[in-house]
Structure formats: C-alpha cells, structure tokens
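Each chain, letter by letter, is given below.
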Amino acid sequence: MALLARGRAGLEAARREVEAAGAPEAVAVATDVSDAEAVEAAASTVDEELGPVDVWVNNAMASVFAPVSRIDADEIRRVTEVTYLGYVNGTLAALERMRARDRGTLVFVGSSLALRGIPGQAAYCGAKHAIEGFRDSLRAELRAENSNVALTTVNLPAVNTPQFSWVRNRLPRHPQPMPPIFQPEVAARAVAWAADHAPRELDVGLPTLLVRWANRLAPALLDRYLGATGLDDQQTDEPVGERPDNLDVPLDDDVDFGARGRFGERAHDRSGQLWVATHKPGLSVAGAALAAAAAVLARRR
C-alpha cells in the first residue's frame, strides 16, 4: 500500500498503522497533490517499489470556513487546487497506468457537500461539485472505450477528522462537522468495500441519503433551512481566535494529529444504512426466501 500526503509526521504514523494492521509493506511518499508533477513522480515511485497500481483512492481536501464575502480569490484558488485538481492529478497519474493494463479501480471520496452546497464552505463545495462533473465525463469516456477500468464514488456524511482543528476559519466559534457525526472508521470501511465492489456510487449514512433526496425534491426549502441553521450547525459554542491552519502548509509535519478529531463523544462508530447498502445481494436472497416461505405457508392454510 502507498500513502501520499503533505505532512510528514502524519504520513509516517499512517504508514506504521497500516503495517501494524497487517499490510505486507507500506510506502509513504510526501506529496502535495495539487502539484501534477509531484503526483506523477509519486506514482512512479509506487510502481517501482510496490508494482502496478490496482486501486487509486482520491481523498485530498482543503477548506475555508467563512462566508463568500470574507474569502479572497487566492484562498478559493488554493482550495480548488487541492480539492479538485488534487483529484484530477491523481486520476491522470493512475489512469495512464491502468489503461495500459486495462484494469484497475479509481475511488473518488465524495461528500454530501458534493450533492448540496452549504453556507460557510463555498470554496470547498464548489470544488467538490467540479469533481462530480469531471468524474461523470470520465465515466462516459471509459464506457465508450469499453474499458475495464472501474470508477466509483463514496459520498460521506460529516466525519470526525482533525480537519476542524486546522482548517482556515473566519467564523466566530470553533468549527465542527454538521451533525450527525460519524467516526473515520465508518468512512474507511465504505471506501474499502467500494474499492472491492466498485458500485457506481455509494452513499454513506442516512444523512447523506436525506441530503440527496431533499435537494432533488425541495431545493428551495433546503435553501431556507440551511440559510437559517447552516452556519450555527457548523460551529460549537467555543469561541476561537486566530490560529495556525493547513491551507498553505501542513501542520502535521512535526506532530501526528491521528485519524480522529475532537468530537468522538458525539460520533457514531457504525452506520446501519451503510450495512444495508453493502449487503443488498444477501438481503435480496433472504427477502426472496422469506417471501417464498410465506407463500408456502399461505397455501397450506
């Protein structure tokens, strides 16, 4: 397994955890994914040390918590370079290698915020929506080529990661994931399942499904609801002043922040919706068997 990220301390800690979990070998490559040449060089390193790339997971993100009126053009550019172009650069590097062998799986880690923008995160939501368009175009092209390269998206709910302690923030209070919140292990299980099964899309958590359908059925009503509650729901009661952030430079070069953020007491370890979504074939067979048994009993009566 290969790991790419900017922060060296966090990257090395993740490498050790992967090997402790049983991976035969893990390679950590310090990379800013907004740099296309750096991503290509990292992919070449992975090829040389681990062999051909079978699965590539795009999961880079940066954000600025602030109303549009308080974000400048350079900040929007940086969020877009990391969050959107990071996915593009990773996809191009992996796809070149997968096309040559006509196999492999590209996993796009999406978000409920790719399905619906929210106040206070316009730069991030815009980048996630751009990924959707890029992905759809690529998927159609792969179909046209009769390619065996698979493309799958995992749409996540709010996740308890350290990003809320290091994201650039201009809101008056400490940022938080919009509840309900899930632990990162829920997201990891979903990504691993999607890498193996390659569904077109996998929505994780009931909140993600609700966002998808609410935005389809009542977008104007959702505008009003988010306008009234969206900013407050993304803040704790704790005031926060100036603090370092990771928009331009990593904060985990010297200190590993780990995978979990500060909201563990409020975060769910499991998602019943995800379990159902990843067990559909078995549930269908069980449902058919129950229906058949019910029909037999009804006839006997």
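Residues numbered from 1 in each chain as written. Predicted model: local features only at pLDDT ≥ 70, side-chain atom pairs only at ≥ 80, totals over all residues. Heavy atoms only, no water.

## Digging into the sheet that holds strand β5 (residues 104–111)
Item 1. The 4 strands lie next to each other as β3-β5-β6-β11, forming an open sheet whose pairing is parallel. Each having just a single partner strand, β3 (55–58) and β11 (201–203) make up the two edges of the open sheet. Across the sheet, the mean angle from the axis of one strand to that of its neighbour is 15°, orientation sign disregarded.
Item 2. With 3 bridges connecting them, strand β6 (residues 149–156) and β11 associate as parallel partners. Directly across from T153, in β11, lies its bridge partner E201. (Pairing = 2+ DSSP bridges. Helix = DSSP H or I, 4+ residues; strand = E, 2+ residues; numbered from the N terminus. Axes fitted to C-alpha atoms, helices over the stretch in contact; angles between N-to-C directions.)

## Some remarks on the environment of G120
Item 1. Looking at the secondary structure, you find G120 in the loop between β5 and α5 (122–144).
Item 2. Considering only alpha carbons, one finds G120 and V64, 56 residues apart in sequence, at a separation of 7.8 Å.
Item 3. The contacts of G120, once residues within four sequence positions are left out, are V64, F65, A66, P67 and L231. (Contact = heavy atoms within 4.5 Å.)

## Notes on the side chain of T236
Item 1. Position of T236 among the secondary structure elements: in strand β12 (residues 235–239).
Item 2. Exposure remark for T236: the relative accessible area of 13% places this residue in the buried category. (Buried < 20%, exposed > 50% of the residue type's maximum accessible area, 1.4 Å probe, protein only.)

## Considerations on the side chain of R168
Item 1. Topologically, R168 is positioned in strand β8 (residues 168–169).
Item 2. On the basis of relative accessibility, which here comes to 18%, the residue R168 falls in the buried class.
Item 3. Polar contacts involving the side chain of R168 include one to the side chain of D245, which spans 2.9 Å. (Polar contact = N/O pair within 3.5 Å; in protein donor to acceptor, adjacent residues only side chain to side chain.)

## Some words on the nonpolar core
Item 1. Formed by 49 residues in total, the largest nonpolar core has its most connected members in W56, M98, L106, V154, L156, L202 and V204.
Item 2. W56 has contacts with L4, V39, A43, G90, T91, A94, M98, T105, L106 and V107, leaving out every residue within four places of it along the chain.
Item 3. Listed in part, the 7 residues of the second largest apolar core include V167, L171, F263 and A267. (Core = buried A, V, L, I, M, F, W, Y, C linked by side-chain atoms within 4.5 Å.)

## Considerations on empty space enclosed by the protein
To find leftover empty space, one rolls a probe the size of a water molecule over the atoms.
Item 1. This structure, assessed with the given rule, holds 1 cavity of 30 Å³ or more.
Item 2. Secondary structure elements with two or more residues in the lining of the largest cavity: β5 and α5.
Item 3. Along the lines of polarity and charge, the residues of the lining of the largest cavity split into 4 nonpolar, 2 polar and 3 charged. (1 Å grid on protein atoms, 1.4 Å probe; cavity = no way out; pocket = protein on both sides within 12 Å on 5 of 7 lines; lining within 4 Å. Points joined across faces, edges and corners; volume = space filled by probe spheres on them. Nonpolar A, V, L, I, M, F, W, Y, C, P; charged D, E, K, R; others polar.)

## A word on the sheet that holds strand β13 (residues 267–268)
Item 1. Read from one edge to the other, the open sheet built from 3 strands follows the order β7-β10-β13, with strand pairing classed as parallel. Looking along the sheet, the strands with just one partner apiece sit at the ends: β7 (158–159) and β13.
Item 2. Direction of pairing for β7 relative to strand β10 (residues 181–182): parallel, over a ladder of 2 bridges. Each residue of the ladder has a partner; that of A158, found in β10, is I181.

## Side note on the environment of R116
Item 1. With respect to the helices and strands, the residue R116 is situated in the loop between β5 and α5.
Item 2. When near neighbours in sequence (up to four residues on either side) are disregarded, R116 contacts H129, V211, N215, P219, L222, D223 and L226.
Item 3. There is a polar contact of 3.0 Å between the side chain of R116 and the side chain of N215.
Item 4. Engagement of the side chain of R116 in a polar contact is seen with the side chain of D223, the distance being 2.5 Å.

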